[in-house]
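A look at the structure
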Amino acid sequence: MPDIFLILRGLIDQNRWKGRNAGQFLILGSASMDLLRQSSESLAGRISYIEMTGLNIMETGDSRKDIQNLWMWGGFPNSYLAKDNEMSIDWLENLIKTYLERDIPQLGFQIPAVRLRQLWTMLAHLQGETVNYSKLASNLEVDSKTVSNYIDILTDLLLVRRIEPWHTNVKKRLIKSPRFYVRDSGVLHRLLGIDSYNMLLSNPILGKSWEGFVVENIHSVMPRFAETYFYRTAVGAEVDLVIKMPNSEIWAVEIKFGVAPKLGKHFSQTCNDVGATHKFVVYGGDDEFPIGDNIRMISLPKIMGKLIAAQS
């Protein structure tokens, strides 16, 4: 309903004359405002935006079992709260089909559902990696500009997260392409045909699935105006997530699934490259402890707690 914003503008202004300046309307949607360009009215100065992520572990519980369930089935309430695996799988499959066959066409994009699902699945296989547009285009039998456009649509629908590379004041050859994550871990696993936690544990995507799950949970509690990047040099030294905080602190976050992960020998230097003031390794365990050179091994719930505390 693109014309609704024009109507709301008049109602909001009428109410302002009566002394009501905020809290007049709550508008819900399942896509970013970038997709609402068909409306000529932006409500500039009359609207504020809140991006609501899926459920995070601070909302569902931070026990190991709670985290496993949320990781496996994702943050959509109907999937997470399903009575059994089969019901969750059915709900996720219906969600995927509805997006591809109804939501995207209704937004005015005439893209074959089969082709877009193929691309979405390819991105799932490339979870947390940079992508080769030309290779994807060849597999889909389209050109690279079309692939780029398709990925932009998935990003604007809040189905895929794009993270740009860190490049500030670093005199090294860096990877300059963005990384992409399928945002909801339940959708990721459905696209890949992973139907149980045991299947996930034996799948090569395990580490990258955990990485994407951590990335989404961190984004759900980050301070407003914080920015995220990744850092990777041409020789392979990297930091999975670089968080530029509003107070100019730089948090370097490496993500490992294991309970006793080994840290790359270049991690400390790469943290220095980005000017990190805080250095963390988020792992699959429950505790927090130092591991040298001001680096702290930390659980996902604990680093989320620190990010929430940083907002106060």
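These numbers come from a predicted model, not from an experiment.

A closer look at the overall build of the protein chain
Regarding its fold elements, the protein chain presents 13 helices and nine strands. Computed over the C-alpha atoms, the radius of gyration of the protein chain is 21 Å, within 12% of the 20 Å expected from 2.2 N^0.38 for a compact globule of 312 residues. Along the longest, intermediate and shortest principal axes, the C-alpha atoms of the protein chain span 60 × 50 × 45 Å. Burial status across the protein chain gives 45% buried among its 312 residues. Here the analysis covers contacts within the protein chain between residues at least 6 apart in sequence; of these, 60% occur between residues at least 24 apart. In the structure as shown, the protein chain presents an accessible area of about 16,800 Å², 50% of it carried by carbon and sulfur atoms.

Comments concerning the nonpolar core
Judged by nonpolar contacts, the single largest core of 69 residues is most densely connected at Leu-119, Trp-120, Ile-218, Ile-243, Leu-300 and Ile-303. In this view, Leu-119 contacts Leu-136, Leu-140, Val-147, Tyr-150, Ile-151 and Leu-154; residues no more than four positions away in its chain are not counted. Listed in part, the 15 residues of the second largest apolar core include Trp-166, Tyr-231, Ile-250 and Val-281.

Let's talk about helix α5 (residues 85–106)
Over its 22 residues, α5 extends 30 Å from the first C-alpha to the last, a length consistent with the 32 Å expected when each residue adds 1.5 Å. Of all the bends found along α5, the most pronounced is centred on Tyr-99 and spans about 40°. Residues of α5 that are buried include every one of Ser-88, Ile-89, Leu-92, Glu-93, Leu-95, Ile-96, Tyr-99, Leu-100 and Ile-104, and no others. Where α5 is buried, its residues touch α3 (64–73), α4 (77–80), α6 (113–125) and α9 (185–191). After α5 finishes, the residue Gly-108 shows a positive phi value of roughly 100°.

Observations concerning the pattern of salt bridges
Close approach of charged atoms allows side chains with opposite charge to pair. The full count for this structure, using the stated rule, is 18 salt bridges. A salt bridge links Asp-293 to Lys-279; the shortest N-O distance between them is 3.8 Å. Of this pair, Asp-293 sits in the loop between β8 (288–290) and β9 (295–299) while Lys-279 sits in strand β7 (residues 278–283), placing them 14 residues apart in sequence. Lys-279 gets classed as buried once you look at its relative accessible area, which sits at 8%.

Notes on the sheet that holds β7
Hydrogen bonds between backbone atoms are what pair the strands of a sheet, whose relative direction is either parallel or antiparallel. Across the sheet, which stays open at both edges, the six strands sit in the order β4-β5-β6-β7-β9-β8 with mixed pairing between neighbours. The two strands at the open ends of the sheet, each matched to only one other strand, are β4 (227–232) and β8. For this sheet the average axis-to-axis angle between neighbouring strands, irrespective of direction, equals 25°. Sheet analysis places β7 next to β9, joined by five bridges and oriented parallel. Pairing of Val-282 across the sheet is with Ile-298, part of β9. Helix-sheet contacts for helix α11 (residues 206–221) involve β4, β5 (238–244), β6 (250–255) and β7, and the interaxial angle to β6 is about 150°.

Quick notes on the sheet that holds strand β3 (residues 179–182)
Spatially, β1-β3-β2 is the arrangement adopted by the three strands of the open sheet, whose pairing is antiparallel. The two strands at the open ends of the sheet, each matched to only one other strand, are β1 (129–130) and β2 (160–163). Here α11 sits on the sheet in contact with β1, β2 and β3, set at roughly 85° to β2.

Here's the deal with unusual backbone geometry
With a phi angle near 60°, Glu-141 is a residue other than glycine that sits in the positive phi range. Here Glu-141 is to be found in the loop between α7 (133–140) and α8 (144–156). Its identity as a non-glycine residue notwithstanding, Phe-225 has a phi of 75°, on the positive side. Looking at the element boundaries, Phe-225 is found in the loop between α11 and β4. Assessed through its relative accessible area of 64%, Phe-225 is described here as exposed.

What counts and what doesn't
- Residues numbered from 1 in each chain as written.
- Predicted model: local features only at pLDDT ≥ 70, side-chain atom pairs only at ≥ 80, totals over all residues.
- Heavy atoms only, no water.
- Helix = DSSP H or I, 4+ residues; strand = E, 2+ residues; numbered from the N terminus.
- Rg over C-alpha atoms; globule rule 2.2 N^0.38 Å.
- Buried < 20%, exposed > 50% of the residue type's maximum accessible area, 1.4 Å probe, protein only.
- Contact = heavy atoms within 4.5 Å.
- Areas by Shrake-Rupley, 256 points an atom, 1.4 Å probe, with all protein chains shown as cover.
- Core = buried A, V, L, I, M, F, W, Y, C linked by side-chain atoms within 4.5 Å.
- Expected span 1.5 Å × (residues − 1).
- Bend = angle between axes of the 7 residues up to and from the residue.
- Salt bridge = Lys/Arg side-chain N within 4 Å of Asp/Glu carboxyl O.
- Pairing = 2+ DSSP bridges.
- Axes fitted to C-alpha atoms, helices over the stretch in contact; angles between N-to-C directions.

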